[in-house]
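Summary of structural features
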Amino acid sequence: MIGTVVEWYEFFLYATAASLVFGTVFFPNAGSQLDGIIAAFLTYAVGFIARPLGGIVFGQIGDRLGRKHTLQVTIIMIGVATFLIGCLPGFGTIGYWAPALLVALRFIQGFALGGEWGGAVLLVAEQSPNRSRAFWASWPQAAVPVGNLLATLVLLTMSAILPASQFLDWGWRVAFWLSAVIVLVGYYIRTHVSEAPIFLEARAQVESEKAVSYGVFEVLRRYPKGVLKAMGLRFAENILYYIIVSFTIVYLTTVHKYDTSQLLLALLIAHAVHFVVIPQVGRLCDRIGRKPVYLAGAVLGATWAFFAFPMFDSLNPVLIVLAVTIGLCFHALMYAGQPAIMAELFPTRMRYSGVSLGYQVTSIVAGSLAPIIATALLQRFQSWVPVALYIVAACVVTLIAVLTLRETKGLSLRAVDDADAARFDLPTARGARA
């Protein structure tokens, strides 16, 4: 979880900076403020495009060599890229090299993060008891709001203590430079984790039986429906999250000229609540089942924008905090159970590849485009209503995906492996170990 906090701190730091800073620093020739923000969000989307590639490469490595070593590589990669972003000169200094280098470093960030999520959640999910897998596997998910909270806290502090000109000049860079410190902490912790016994058994099976295969191509050949279901589960959750944490900033700062420091403080409070709620929702998934909780998240998520944007328009700080917090609680209903559900879709020999593909490929058409589409809709229609309808459409897609799932509460991952072996006439992992 702590290693995941580090990586998401760095990834979300870019998202917040794209909303507040990058449109001015790296794209100053834009025709309007929203044009600059859209250009910044396009570089932001590059990280999402790179994530499936990272998921494919690191998924293959993780299924073959192990989750632990993969996670050590990804944390160093994303740390170096984030630190260098903080060192980049602006457009006024090096011209178009500035956005070009920004895109290259963002690609490296996304590539590393593409291999991060699958390894982190599987290290936990594969070592969790069957009856409480959703609860324990939700803790790496809870690391996401913590990473976002830290990124928001650092930017909030710098924007509060510095004049706007100094914040745009160098203050925002401090948050990126701090990544060097926390990366070392995360890397040290990851040297002390161990692989799950069920993975070690599956690896022994692959090594001893030539008929047993693993990795990306195998999961696409054997479990294409599992990948599609994982993508459908991810769709609305990913869009809703980035509308809340990224587009909300754009809406309030451009439409209402809302104070940046107050807005970051509102997000800070919401992220703290999100962190507390996620493990409790995971516990609920173990108690009443994965499907009903996820269905509730998709239905409630579809309603969020219709009451949240009028709350934003009130410019009441309490109502703004409440709107963002409620949105993240709805998001948690979908997000907390994802690791357990996706882990239960695939056998161990290809689980890293399966969950990484389902999770990361969706990010291209969901999270990466959500702030861009929402900002473009706002610019075109000068209204939040099309954005609300966009969220509803996404929730319908996820609702259909949830309805296709079978309930897997309490399912043994060994049973998933045994079913895979029986389906494709393969020896069991335990048999290979013996």
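A brief look at the structure comes next. This is a predicted model, so every value here is computed, not measured. (Residues numbered from 1 in each chain as written. Predicted model: local features only at pLDDT ≥ 70, side-chain atom pairs only at ≥ 80, totals over all residues. Heavy atoms only, no water.)

What about the overall build of the protein chain?
As a reminder, the rule being used: Numbering of helices and strands starts at the N terminus; helices are DSSP runs of H or I of at least 4 residues and strands are runs of E of at least 2. Between the two quantities, the radius of gyration covers C-alpha atoms and the globule rule is 2.2 Å times the number of residues to the power 0.38. Note on exposure labels: buried denotes an accessible area under 20% of the residue type's maximum, exposed denotes more than 50%, and partly exposed covers the range between, all computed with a 1.4 Å probe on protein chains only. Any two residues having at least one pair of non-hydrogen atoms within 4.5 Å are treated as being in contact. Values of accessible area rely on a 1.4 Å probe in the Shrake-Rupley scheme; residue burial ignores everything except the protein chains shown. His is not counted, nor are the chain ends, whereas Lys and Arg count as positive and Asp and Glu as negative. Note that the charge is assigned to NZ on lysines, CZ on arginines, CG on aspartates and CD on glutamates.
The helix and strand inventory of the protein chain stands at 20 helices and 0 strands. Here the protein chain has a C-alpha radius of gyration of 21 Å; the compact-globule value for 434 residues is 22 Å, and the two agree. For the protein chain, the spread of C-alpha atoms along the three principal axes comes to 65 × 40 × 30 Å. Going through the 434 residues of the protein chain one by one, you find that 61% of them count as buried. If you take every contact in the protein chain between residues at least 6 apart in sequence, the share linking residues at least 24 apart comes to 86%. In the structure as shown, the protein chain presents an accessible area of about 15700 Å², 70% of it carried by carbon and sulfur atoms. When the 30 positive and 22 negative side-chain charges of the protein chain are each reduced to one mean point, those points stand 4 Å apart.

As for the packing of aromatic side chains
Filter applied, for reference: Ring pairs shown here join Phe, Tyr and Trp side chains whose ring centres sit within 6.5 Å, with only the six-membered ring taken for Trp; geometry is labelled stacked below 30 degrees between planes, edge-to-face above 60, and tilted in between. Cation placement over rings: the criterion is NZ of Lys or CZ of Arg within 6 Å of the ring centroid and within 35° of the ring normal.
Applying the stated rule across the entire model yields 19 aromatic pairs. For the ring pair F26 and W172, a centre distance of 6.1 Å and an interplane angle of 75° mean the geometry is edge-to-face. A residue pair is termed long-range when its members are at least 10 positions apart, and F26 in the loop between α1 (2–25) and α2 (33–64) and W172 in helix α7 (residues 164–177) qualify at 146 residues. By the burial criterion, F26 is buried, and W172 matches it. Taken together through their ring pairs, the aromatic side chains of F247, Y251, W304, F306, F309, F312 and W384 make up a single cluster. The lysine or arginine in question, R423, covers the ring of Y223, its NZ or CZ lying 5.0 Å from the ring centre.

Quick notes on helix α17 (residues 370–381)
Here is the rule we go by: One less than the number of residues in a helix, times 1.5 Å, gives the span that helix is expected to have.
The first and last C-alpha atoms of α17 sit 16 Å apart over 12 residues, in line with the 16 Å expected at 1.5 Å per residue. Along α17, the positions that sit buried rather than exposed are A370, P371, I372, A374, T375, L377 and L378. Where α17 terminates, the next one or two residues include Q382, which has phi positive at roughly 55°.

Focus: the pattern of salt bridges
Selection rule: The salt bridge criterion pairs a side-chain nitrogen of Lys or Arg with a carboxyl oxygen of Asp or Glu, the two atoms within 4 Å.
Here the structure, examined in full by the defined rule, presents 10 salt bridges. Notably, a salt bridge pairs E218 with R222, separated by 3.2 Å at the nearest N-O pair. Taken together, the residues span about one helical turn, with E218 and R222 both in helix α10 (residues 216–222) at a distance of 4 residues. Between E344 and R290 there is a salt bridge; the shortest N-O distance is 2.7 Å. Remark: R290 occurs in helix α13 (residues 290–313) and E344 occurs in the loop between α15 (338–343) and α16 (351–365); sequence separation between them is 54 residues. Look at E344 and you get buried, because its relative accessible area is 4%. When its relative accessible area of 2% is taken as the criterion, R290 is described as buried. When salt bridges that share partners are traced, they join E218, R221, R222, R349 and D420 into one network.

Comments concerning the packing of helix α3 (residues 67–87) against helix α5 (residues 97–125)
So the rule is basically this: To get an axis, fit a line to the C-alpha atoms, keeping to the stretch in contact for a helix; angles then go from 0 to 180 degrees between the N-to-C directions. With respect to orientation, any angle under 35 degrees is reported as roughly parallel, any angle over 145 as roughly antiparallel, any angle of 65 to 115 as roughly perpendicular, and every other angle as oblique. Crossings are classed by handedness, with left-handed meaning an anticlockwise turn of the near helix from the far one by less than a right angle and right-handed meaning a clockwise turn. Just so you know the grouping, Ala, Val, Leu, Ile, Met, Phe, Trp, Tyr, Cys and Pro go in nonpolar, Asp, Glu, Lys and Arg go in charged, and all remaining residues, Gly too, go in polar.
Their axes nearest at 8 Å, the elements α3 and α5 cross at an angle of 150°. Viewed along their axes, α3 and α5 adopt a mutual orientation that is roughly antiparallel. Relative to α5, α3 is oriented so that their crossing is left-handed. Of the residues contributing to the contact of α3 with α5, the split by class is 15 nonpolar, 6 polar and 2 charged.

Things to note about the layout of surface pockets
Selection rule: Here a cavity is any set of points on a 1 Å grid over the protein atoms alone where a 1.4 Å probe fits but cannot get out, and a pocket is any open set with protein on both sides within 12 Å along at least 5 of 7 lines; a residue lines the site when it has an atom within 4 Å of a point. Grid points are joined across faces, edges and corners, and a volume is the space filled by probe spheres set on the points.
Reported here for the second largest pocket is a volume of approximately 350 Å³. When residues of the lining of the second largest pocket are traced back to their parent elements, those giving at least two are α11 (224–255) and α19 (413–423). Per-element tally for the lining of the second largest pocket: the top contributor is α19, with 5 residues. Residues of the lining of the second largest pocket, tallied by class, amount to 9 nonpolar, 2 polar and 7 charged.

Digging into unusual backbone geometry
In this structure, L315 takes a positive phi of about 60° despite not being glycine. One can find L315 in the loop between α13 and α14 (317–335). Positive phi, normally seen in glycine, also occurs at Q382, with a value near 55°. Along the chain, the position of Q382 falls in the loop between α17 and α18 (385–403). Classification of Q382 as exposed rests on a relative accessible area of 62%.

What to know about the environment of A393
Mapping A393 onto the fold places it in helix α18. For A393, a relative accessible area of 43% translates into the label partly exposed. Residues A393 and V227, spaced 166 residues apart in sequence, show a C-alpha to C-alpha distance of 21 Å.

Re α19
Because the α-helix completes a turn every 3.6 residues, residues three or four places apart line up on one side. Selection criterion: Starting at the helix axis, one direction is taken to each C-beta atom, and the arc is that of these directions. Pairs of N or O atoms within 3.5 Å make up the polar contacts considered here, provided that, within protein, one atom can donate a hydrogen while the other can accept it, and that residues adjacent in sequence are counted only when both atoms are side-chain atoms.
Within the sequence span of α19, burial applies to L413, V416, D417, D420 and A421. One side of α19 holds all its buried residues, which, seen down the axis, span an arc of 135°. Set apart from the buried face of α19 by more than 90 degrees, the exposed residues are A422 and R423. Two to three positions downstream of the cap, the backbone nitrogen of R414 sits 3.1 Å from a side-chain oxygen, assigning the N-cap of α19 to S412. In the stretch just after α19, D425 is the one whose phi turns positive, near 55°.

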